[in-house]
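Residue-level structural notes
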Amino acid sequence: MRKLPSVLARKLTSGTSGSPVLPDMSEVRSRLRDIVGASTNWRDHVQAMQERKALHTLLAKRQEDLPPRRMKDSYLEVILPLGSQPEIREKYLNVHNSVRFGRILEDLDSLGVLICYTHTKQETQPRSPLSIVTALVDKINLCKKIIYPDCDIKFTGNVSWVGRTSMEVKMHMLQLHGGDYSPVLDATFVMVARDPENKRPAFVNPLIPESPEEEEIFKQGELNKLKRIDFSTASLLKMAPTAEERNIVHDIFLNTLDTRTVSFRSRKLPPNSVWMEDAKLKGLQICHPQERNIFNRIFGGFLMRKAFELGWATACSYGSSRPFIVSVDDIMFQRPVEVGSLLLLSAQVCYTEKNYIQVRVHSEVYDADTREHQTTNIFHFTFISENEVPRVIPKTYGESMLYLDGKRHFAAIMKDI
């Protein structure tokens, strides 16, 4: 795990003595509702959204009209008091007596949005005209297998890079042990700003690095953007596999041919292997108003939690032992999920290596009236199992592309951890 940038680390060295009272996650969500004027009652949501239309006049016509910000202007620290407030533990507790990672994903999503609103805050405007939503979870890398349910957690984060209408947010999670906070995970999210009705892009304040270190952080944000473009350009949905990848697929094909026949269709599963078609789980969620965000669509953190839990169950079933999350990467939010939607989730083990399991979760909404399916998200999770796991084997060309895609994601993760 990489070290925290010193601009943040300096603020964490004081430990717990004499530190100010930090906001908790309930205050984060309360602040978000106040910033956009969100209604707490579902029956009032239409009126609340209508009132936001009037905020159009507050949008900047050009990015140059907005005052620049510094990284420290958006820096926030938030506490999750699992140790000092035992009454909130139940929500975060799993059957293994550790913290539910899906709940952490929800908290990171909320905090990332608040950090961006802090970056774009105008003192003269009590309500923000911007609709800031999560566009992408670039990566979340963990350096601890266990998150303890009886020790306080601290989240820190700030805007680390800004485009014209998008912002990269870097967040860190630390847990209190023996009077000191030690790192648990690093997260990088990309948020986009849109108009009050969440229909068109809107300009955000530029970011001015103040030191060589911040220049490096900003430059890394630009590199992350270019990497995402390159990764997307080379997608197996657009481009043929490389020569090396074609050889991998052909070797798998040859190793699964039934040597007793001369048929291309006759396949035989090698020892200690599982056909990819037998390594999947599916789920369905009815999207109730309780799970809505401040813009009255389904909360992205809820979608991540549900996808993670199905992915975890898939890895657990596949490896026949408890899996631990190692990394989350490249979660694309392709379209919003409306309240009332039927959300279909499909989790697939797409690559394995030793005791690592790469799981891809595809989510789509089903419209019962039109009988149409629309993809909303693709999630990628890397798990480590307690024991070495069977090798997953693709049978069809489509499964082979999933296998190669999983292999690419796994290789990218292994470079970072």
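Everything below is about the structure shown above.
Before going into details, it helps to say that this report is about the structure given with it. (Residues numbered from 1 in each chain as written. Predicted model: local features only at pLDDT ≥ 70, side-chain atom pairs only at ≥ 80, totals over all residues. Heavy atoms only, no water.)

**Some thoughts on the layout of surface pockets**
As a reminder of what qualifies: Using protein atoms alone on a 1 Å grid, points that fit a 1.4 Å probe yet trap it form a cavity, whereas open point sets bounded by protein on both sides within 12 Å along at least five of seven lines form a pocket; residues with an atom within 4 Å of a point count as lining. Grid points are joined across faces, edges and corners, and a volume is the space filled by probe spheres set on the points. Working definition: helices are DSSP H or I runs of at least four residues, strands are E runs of at least two. Numbering for both runs from the N terminus. By the convention adopted, Pro, Cys, Tyr, Trp, Phe, Met, Ile, Leu, Val and Ala count as nonpolar, Lys, Arg, Asp and Glu as charged, and the other residues, Gly among them, as polar.
What the largest pocket holds in volume is close to 1400 Å³. Surrounding the largest pocket, 44 residues form its lining, Arg 228, Phe 231, Ser 232, Asp 330 and His 409 being those nearest its centre. When contributions to the lining of the largest pocket are tallied by element, the ones reaching two or more residues are β2 (131-142), β5 (180-194), α6 (212-233), α7 (243-255), β8 (323-333), β11 (372-385) and α9 (397-416). The element that contributes the greatest number of residues to the lining of the largest pocket is α9, accounting for 13 residues. Here the residues of the lining of the largest pocket are counted per class, giving 18 nonpolar, nine polar and 17 charged. By volume, the second largest pocket is sized at about 1000 Å³. In terms of lining, the second largest pocket is formed by 38 residues, of which the most central are Asn 293, Ile 294, Ile 298, Phe 299 and Gly 300. Breaking the lining of the second largest pocket down by element, the ones donating at least two residues are α2 (25-36), α5 (101-120), β2, β5 and α8 (300-319). Residue composition of the lining of the second largest pocket, grouped by class: 16 nonpolar, ten polar and twelve charged.

**A word on the packing of aromatic side chains**
Short version of the rule: Classification of ring pairs rests on two measures: the distance between centres of Phe, Tyr or Trp rings, Trp counted by its six-membered ring, which must be within 6.5 Å, and the angle between planes, read as stacked under 30 degrees, edge-to-face over 60 and tilted in between. The classification of residues rests on relative accessible area computed with a 1.4 Å probe and restricted to protein chains. Under 20% of the type maximum is buried, over 50% is exposed, and intermediate values are partly exposed. We call a charge positioned over a ring when the NZ of a Lys or the CZ of an Arg lies within 6 Å of the ring centre and within 35 degrees of the ring normal.
Tallying each qualifying case throughout the model produces eight aromatic pairs. Geometrically, the ring pair formed by Tyr 351 and Tyr 403 is edge-to-face, given 5.2 Å between the ring centres and 65 degrees between the ring planes. One end of the pair, Tyr 351, is in strand β9 (residues 342-353); the other, Tyr 403, is in helix α9, with 52 residues separating them in the sequence. By relative accessible area, Tyr 403 is classed as buried at 4%. With centroids separated by 6.2 Å and ring planes inclined at 45 degrees, the aromatic side chains of Phe 381 and Phe 383 adopt a geometry described as tilted. Take Phe 381 and Phe 383: they sit in the same class, and that class is buried. Put simply, the rings of Phe 101, Phe 308, Phe 379, Phe 381 and Phe 383 pair up and form one aromatic cluster. Looking at Lys 395, its charged tip hangs above the ring of Trp 275, at a distance of 4.4 Å from the centre.

**A look at the packing of α7 against α9**
Cut-off, in case you're wondering: Helix axes are fitted only over the stretch in contact, all axes being lines through C-alpha atoms; the angle between N-to-C directions runs from 0 to 180 degrees. We call two directions roughly parallel when the angle between them is under 35 degrees, roughly antiparallel when it is over 145, roughly perpendicular when it lies between 65 and 115, and oblique otherwise. Left-handed describes a crossing whose near helix is turned anticlockwise from the far helix by less than a right angle; the clockwise case is right-handed. We call two residues contacting when some pair of their heavy atoms lies within 4.5 Å.
Two elements in contact, α7 and α9, have axes whose closest approach is 11 Å; the angle formed by their N-to-C orientations is 125 degrees. With respect to each other, α7 and α9 are oriented oblique. Of the two possible hands of crossing, α7 and α9 adopt the one that is right-handed. In this structure, α7 uses Glu 245, Ile 248, Val 249 and Ile 252 to contact α9, whose residues at the interface are Ser 400, Tyr 403, Leu 404, Lys 407 and Arg 408.

**Regarding unusual backbone geometry**
In this structure, Asn 296 takes a positive phi of about 60 degrees despite not being glycine. By the element assignment, Asn 296 lies in the loop between β7 (280-286) and α8. By relative accessible area, which is 9% here, Asn 296 ends up buried. Within the chain, Arg 371 stands out as a residue other than glycine whose phi angle is a positive 60 degrees.

**Section: a nonpolar patch on the surface**
Condition: Residues with no salt bridge and a relative accessible area higher than 30% make up the patches, which join like charges within 9 Å and nonpolar side chains (Val, Leu, Ile, Met, Phe, Trp, Tyr) within 5 Å. The accessible surface values rely on the Shrake-Rupley method and a 1.4 Å probe; as for residues, cover is taken only from the protein chains in view. Salt bridges are counted wherever a side-chain nitrogen of Lys or Arg sits within 4 Å of a carboxyl oxygen of Asp or Glu.
The grouping of Leu 223, Leu 226 and Ile 229 at the surface amounts to a nonpolar patch, some 250 Å² of accessible area in total. Within the element layout of this structure, Ile 229 appears in helix α6.

**Some words on helix α3 (residues 45-52)**
Our working rule: Directions from the helix axis toward the C-beta atoms define the arc.
Looking only at α3, the buried set comprises His 45, Ala 48 and Arg 52. One face of α3 carries all of its buried residues, which in axial projection span an arc of 60 degrees. Where α3 is buried, its residues meet α2 and β2.

**Thoughts on the side chain of Gln 348**
Convention followed: Whenever two N or O atoms come within 3.5 Å, that pair is a polar contact, provided that in protein one can donate a hydrogen and the other can accept it, and provided that, for residues adjacent in sequence, both atoms are side-chain atoms.
The residue Gln 348 is located in strand β9 in this model. Separated by 3.1 Å, the side chain of Gln 348 and the backbone oxygen of Ala 279 make a polar contact. Setting aside anything within four residues of it in sequence, one finds Gln 348 in contact with Met 276, Ala 279, Lys 280, Gln 358, Val 359, Arg 360 and Leu 402.

**What to know about α8**
Structural remark: α-helix, 3.6 residues per turn; residues separated by three or four positions point the same way. Stated precisely, the cut-off is as follows: Each residue after the first adds 1.5 Å to the expected span of a helix.
For α8, with 20 residues, the first-to-last C-alpha span of 28 Å sits near the 28 Å given by 1.5 Å per residue. With 15 of its 20 residues buried, α8 lies for the most part within the structure. With its phi angle positive at about 55 degrees, Ser 320 sits one or two positions after the end of α8.

**Things to note about the pattern of salt bridges**
Throughout the structure, instances matching the rule amount to 17 salt bridges. Salt-bridge contacts for Glu 77 lead to Lys 154; the nearest nitrogen and oxygen are separated by 3.8 Å. Here Lys 154 lies in strand β3 (residues 153-162) and Glu 77 lies in strand β1 (residues 76-80), a separation of 77 residues in the sequence. Residue class for Lys 154 comes out buried when judged on its relative accessible area of 5%. The network of salt bridges with common partners includes Arg 100, Arg 103, Glu 106, Arg 305 and Glu 309.

**Things to note about the sheet that holds β2**
Cut-off, in case you're wondering: One bridge is not enough; two strands pair if DSSP finds at least two bridges between them.
With antiparallel pairing, ten strands are arranged side by side in an open sheet as β1-β3-β4-β5-β2-β8-β11-β10-β9-β7. This sheet does not close on itself; its edge strands, each paired only once, are β1 and β7. Taken over all neighbouring pairs, the strand axes of this sheet differ in orientation by 25 degrees on average, direction set aside. Note: strand β4 (residues 166-177) against β5, twelve bridges, orientation antiparallel. Considered in β5, the bridge of Met 173 is made with Leu 185. Each of β2, β3, β4, β5 and β8 touches α6; the most contacted strand, β3, lies at about 80 degrees to it. Across the face of the sheet, α8 comes into contact with β2, β5, β7, β8, β9, β10 (356-367) and β11 while running at roughly 55 degrees to β11.

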